[in-house]
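Structure at a glance
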Amino acid sequence: MFFLFGFNKKPKGKEQRKILKNGVEVNAIITVYKKYFELFFIPIIPLGKSYSIYISHSNEYYEQGFFGKIPAEYLEICEHVGRLY
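Scope of this entry: the structure provided in the associated data block. (Residues numbered from 1 in each chain as written. Predicted model: local features only at pLDDT ≥ 70, side-chain atom pairs only at ≥ 80, totals over all residues. Heavy atoms only, no water.)

**Overview of a nonpolar patch on the surface**
- Taken together, Phe-2, Phe-3, Leu-4, Phe-5, Phe-7, Leu-39, Phe-40, Phe-41, Ile-42, Ile-44, Ile-45 and Leu-47 make up a surface patch of nonpolar side chains, about 1300 Å² in accessible area.
- Of all the secondary structure elements, the ones that give two or more residues to the nonpolar patch are strand E1 (5–21) and strand E3 (42–55).
- Among the elements that make up the nonpolar patch, the one with the highest residue count is E3 (four residues).
- Considering the arrangement of structural elements, one finds Phe-7 in strand E1.
- Residue Phe-7 is classed as exposed on the basis of its relative accessible area, which comes to 66%. (Patch = residues over 30% accessible without salt bridge, like charges linked within 9 Å, V, L, I, M, F, W, Y side chains within 5 Å. Areas by Shrake-Rupley, 256 points an atom, 1.4 Å probe, with all protein chains shown as cover. Salt bridge = Lys/Arg side-chain N within 4 Å of Asp/Glu carboxyl O. Helix = DSSP H or I, 4+ residues; strand = E, 2+ residues; numbered from the N terminus. Buried < 20%, exposed > 50% of the residue type's maximum accessible area, 1.4 Å probe, protein only.)

**Description of the packing of aromatic side chains**
- Counted under the stated rule, the structure contains three aromatic pairs.
- Ring centres of Phe-7 and Phe-37 lie 5.6 Å apart, and the angle between their planes is 65 degrees; on these two criteria the pair is classed as edge-to-face. With Phe-7 in strand E1 and Phe-37 in strand E2 (residues 24–39), this pair connects stretches of sequence that are 30 residues apart.
- Ring geometry for Tyr-62 and Tyr-74: centres 5.9 Å apart, planes at 35 degrees, overall tilted. One end of the pair, Tyr-62, is in strand E4 (residues 60–63); the other, Tyr-74, is in helix H1 (residues 72–82), with twelve residues separating them in the sequence.
- Residue Tyr-62 is classed as partly exposed on the basis of its relative accessible area of 22%.
- Grouping aromatic residues by their ring pairs yields a cluster made of Phe-5, Phe-7 and Phe-37.
- Taking NZ or CZ as reference, Lys-9 lies 4.5 Å from the ring centre of Tyr-33, over its face. (Phe/Tyr/Trp six-rings, centres within 6.5 Å; stacked < 30°, edge-to-face > 60°. Lys NZ or Arg CZ within 6 Å of the ring centre and 35° of its normal.)

**A word on the pairing of E1**
- Bridge count between E1 and E2: 16 bridges; the pairing is antiparallel. Note on E2: the bridge partner recorded for Lys-9 is Lys-35.
- Adjacent in sequence and paired antiparallel, E1 and E2 are bridged by two residues, among which Asn-22 carries a positive phi angle near 55 degrees. (Pairing = 2+ DSSP bridges.)

**A few points about the nonpolar core**
- Ranked by size, the top nonpolar core spans twelve residues in total: Ile-19, Val-26, Ala-28, Ile-30, Val-32, Tyr-51, Ile-53, Ile-55, Ile-70, Tyr-74, Cys-78 and Val-81.
- For this core, the elements supplying multiple residues, two or more each, are E2, E3 and H1.
- The biggest single contributor to this core is E2, with four residues.
- Other than its neighbours up to four places away in sequence, Ile-19 contacts Val-24, Glu-25, Val-26, Ala-28, Ile-55, Tyr-74 and Ile-77. (Core = buried A, V, L, I, M, F, W, Y, C linked by side-chain atoms within 4.5 Å. Contact = heavy atoms within 4.5 Å.)

Next comes the structure, spelled out in structure tokens:
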């Protein structure tokens, strides 16, 4: 007998916000992901949230995770959006 298990993240919400960058108000797209432990590709245990932010004005993309880090001023905005989802 064998078991298929692993970790996955699924997008839970996306929101467009205006943020201040270098004194100019620009559009940013914030995506909220929910992390899960999965068994046979079925989400079983929620493990938390992670975020990504895309700033189209300067073509910047930040993702929270193992290798990515979101700057503190953007992380605060992402966490505020994450409370809605």
